[in-house]
Amino acid sequence: MPRRYSMDSRQGETVARRRRLLDAAIQVLGEVGADRLTMEAVAERADAATRTLYNHFSSRDELIAAALDLLLQEARDSLYLDTPAEVDPAERLRQFVRQVYGIYGQQGDSLTTLLDHRGDPKIGPQVTMMRESRREHLEEILKDPQTKLVLPVPEAAAIAFVLTSHETWTALVKDSGLSQLAALDLVTATLDTVLFARRPG
């Protein structure tokens, strides 16, 4: 029995170490981009030996692909946080914007790198799937017979999709210099006005 525990413990440590290496790779990607990422920089960020990194990832390309895959998976998973259906769609939409902008706030630079690789045959289809999931989620939020939208649901979802994109977040936070909170307030106020005809008060 102790032997089984020891094996499970070692496997757990291996998984945790791999995750630390991938987290370090995502951080370095966000700071320097894929072209300038080195195995040495990732190992240093993870406080690990370079050979340990090579034990988990045989090449720089394999490491980058795994890091981008993890980043995509986490971005997709974060869209599925449940919001009670009985909550007002406008409030559900605000919660959704907070979720998405929260992801951008944490991983914005890394996501920029990811989107720069959307031409990659492994990354492109996943980015497309993530975008489709976000659009479908927005349509579900806005479908409510009790709520009077100014626009039909597909058009309302399209506007919400544009305002919750990584590009919009970048334009507001990175390019225009708004704080994360100010950008969030601006987007939710705009959606309230455009979709629900509610003036900010």
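Residues numbered from 1 in each chain as written. Predicted model: local features only at pLDDT ≥ 70, side-chain atom pairs only at ≥ 80, totals over all residues. Heavy atoms only, no water.

Asker: Looking at this structure, how should I read the overall build of the chain?
Answerer: Broken down by element type, the chain carries nine helices and zero strands. For the chain, long-range pairs separated by at least 24 residues make up 66% of all intrachain contacts whose partners lie at least 6 apart in sequence. When the accessible surface of the chain is summed, it comes to about 11500 Å², and 52% of that surface belongs to carbon and sulfur atoms. (Helix = DSSP H or I, 4+ residues; strand = E, 2+ residues; numbered from the N terminus. Contact = heavy atoms within 4.5 Å. Areas by Shrake-Rupley, 256 points an atom, 1.4 Å probe, with all protein chains shown as cover.)

Asker: When you look at the nonpolar core in this model, what are you seeing that I'm missing?
Answerer: Ranked by internal contacts, the top residues of the largest apolar core, which has 56 residues, are L63, L93 and Y101. Counting residues per element, this core draws most heavily on helix α5 (residues 89-116), at eleven residues. For L63, the contacting residues outside a window of four places in its chain are L22, A25, L37, M39, V42, L53 and F57. (Core = buried A, V, L, I, M, F, W, Y, C linked by side-chain atoms within 4.5 Å. Buried < 20%, exposed > 50% of the residue type's maximum accessible area, 1.4 Å probe, protein only.)

Asker: Can you walk me through the packing of helix α8 (residues 166-175) against helix α9 (residues 180-196) in this structure?
Answerer: For any two helices packed against each other, one specifies the inter-axial angle together with the distance between the axes. Close contact between α8 and α9 brings their axes to 9 Å; oriented N to C, the two are set at 130°. Taken together, α8 and α9 sit at an angle that is classed as oblique. Considering how the two elements wind past one another, α8 and α9 form a crossing that is right-handed. Along its contact with α8, which presents W169, L172 and V173, the element α9 presents Q180, A183, L186 and V187. Classifying every residue of the contact of α8 with α9 gives six nonpolar, one polar and no charged. (Axes fitted to C-alpha atoms, helices over the stretch in contact; angles between N-to-C directions. Parallel < 35°, antiparallel > 145°, perpendicular 65-115°, else oblique. Left-handed = near helix turned anticlockwise from the far one by under 90°. Nonpolar A, V, L, I, M, F, W, Y, C, P; charged D, E, K, R; others polar.)

Asker: Can you walk me through α9 in this structure?
Answerer: Note: α-helices contain 3.6 residues per turn, so residues at a spacing of three or four share the same orientation. Helix length check: α9, at 17 residues, gives a terminal C-alpha distance of 23 Å against a target of 24 Å (1.5 Å per residue), a fit within 8%. All of the buried residues along α9 are A183, L184, V187, T188, L191, D192, L195 and F196. In an axial view of α9, the angular spread of the buried residues amounts to 165°, which keeps them on one side of the axis. Summarising the contacts, the buried residues of α9 are in contact with α5, α6 (124-142), α7 (153-163) and α8. (Expected span 1.5 Å × (residues − 1). Arc of directions from axis to C-beta.)

Asker: Teacher, can you tell me more about the packing of α7 against α9 here?
Answerer: At their nearest, the axes of α7 and α9 sit 11 Å apart, and the two run at 165° to each other. Here α7 lies roughly antiparallel to α9, going by the angle between them. Both α7 and α9 take part in a crossing whose hand is right-handed. Listed contacts from α9 to A156, I159, A160 and L163 of α7 are V187, T190, L191, V194 and L195. Of the residues contributing to the contact of α7 with α9, the split by class is eight nonpolar, one polar and no charged.

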